[in-house]
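# Inside the fold
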Amino acid sequence: MGLTKEELDRMAAVDVRTVDISTLTDLRDIEIDTSLPVEKKLAAFAEQTSNVYVNRIGDYVVKVRFQESGASIDDKMSEYLSRLSKIYI
């Protein structure tokens, strides 16, 4: 990715309540080849955004964090959707 620890710390410290949304990358505009290894997918993501932690989807600010181990994004989305279905059923 080529980002220093200081750059990553600065990006992670962005406050979603005060950030200028016009400076953020819309996640819908990012394209990543899902057949690539994880490292290359992360690099492609970093190249297409101004902040790897804080972006937007339309008018909504989105802040993410990364973890070395644990549940995958697919597992978390499945868990989230399962909870939603229980709320509305």
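Reading the values: the criteria
- Throughout this description, residue numbers start from 1 for each chain and increase along the sequence as written.
- The predicted nature of this model means local features are confined to residues of pLDDT at least 70 and side-chain atom pairs, given and counted, to a pLDDT of 80 or more, with totals for whole chains, interfaces and linings taken over all residues.
- Only heavy atoms go into the side-chain values, all of them from the structure, while hydrogens and water stay out.
- pLDDT runs from 0 to 100 and stands for how confident the predictor is about each residue.
- Counting from the N terminus, the helices are the DSSP runs of H or I reaching at least four residues and the strands are the DSSP runs of E reaching at least two.
- Note on pairing: DSSP must find at least two bridges between two strands before they are called paired.
- When a residue's accessible area, from a 1.4 Å probe over protein chains only, is under 20% of the maximum for its type it is buried; when over 50% it is exposed; and in between it is partly exposed.
- Nonpolar cores are built from buried Ala, Val, Leu, Ile, Met, Phe, Trp, Tyr and Cys residues. Side-chain atoms within 4.5 Å join them into one set.
- For this analysis, residues touch if any pair of their heavy atoms sits within 4.5 Å.
- Nonpolar side chains (Val, Leu, Ile, Met, Phe, Trp, Tyr) within 5 Å and like charges within 9 Å form the patches, drawn only from residues with over 30% relative accessible area and no salt bridge.
- Per-residue accessibility takes into account occlusion by the displayed protein chains alone, with areas from the Shrake-Rupley method and a 1.4 Å probe.
- Whenever a carboxyl oxygen of Asp or Glu lies within 4 Å of a side-chain nitrogen of Lys or Arg, that contact is scored as a salt bridge.

Attention now moves to the confidence of the model for the chain. Overall, the predicted model of the chain reaches an average pLDDT of 88, with 97% of residues at or above 70. Looking over the chain, one finds the lowest element-wise mean pLDDT in helix α3 (residues 73-88), namely 80, and the highest in strand β1 (residues 54-57), namely 94.

Turning our eyes to something else, we now look at the pairing of strand β2 (residues 60-63). Pairing of β1 with β2 involves 4 bridges; the strand directions are antiparallel. Within β2, the position partnered with Ile57 by the bridge is Tyr60. The hairpin formed by β1 and β2 contains 2 residues between the paired strands, and Gly58 there has a positive phi angle of roughly 65°.

This part takes up the environment of Ile21. With respect to the helices, strands and loops of the structure, Ile21 is situated in the loop between α1 (5-12) and α2 (38-48). We classify Ile21 as partly exposed; its relative accessible area is 31%. The spatial distance from the C-alpha of Ile21 to the C-alpha of Val61 is 7.0 Å, given a sequence separation of 40 residues.

The nonpolar side chains of a soluble globular protein tend to be buried, and buried together. Residues Leu8, Met11, Leu24, Ile30, Phe45, Ala46, Val52, Tyr53 and Val54 constitute the largest nonpolar core, which totals 9 residues. Mapped onto this core, the elements with two or more residues apiece are α1 and α2. Residue contacts for Tyr53: discarding those within four places in its chain leaves Leu8, Met11, Ala12, Val62, Lys63, Val64, Arg65 and Phe66.

A contiguous nonpolar patch, built from Val38, Leu42, Val64 and Phe66 and spanning about 330 Å² of accessible area, is present on the exposed surface. Overall, Leu42 belongs to the partly exposed group, its relative accessible area being 33%.

So, about the pattern of salt bridges. Evaluation of the coordinates by the stated rule reveals 6 salt bridges. Between Asp9 and Lys5 there is a salt bridge, and its shortest N-O distance comes to 2.9 Å. Linking Asp9 with Lys5, this pair stays in helix α1, spanning 4 residues, or about one helical turn. A residue is classified by how much of its surface remains accessible, and Asp9, at 41% relative accessible area, is partly exposed. Overall, the relative accessible area of 57% leaves Lys5 in the exposed class. Where Arg56 meets Asp26, a salt bridge forms, and the shortest distance between an N and an O atom there is 3.4 Å. Of this pair, Arg56 sits in strand β1 while Asp26 sits in the loop between α1 and α2, placing them 30 residues apart in sequence. Members of the salt-bridge network, linked through shared partners, are Asp26, Arg28 and Arg56.

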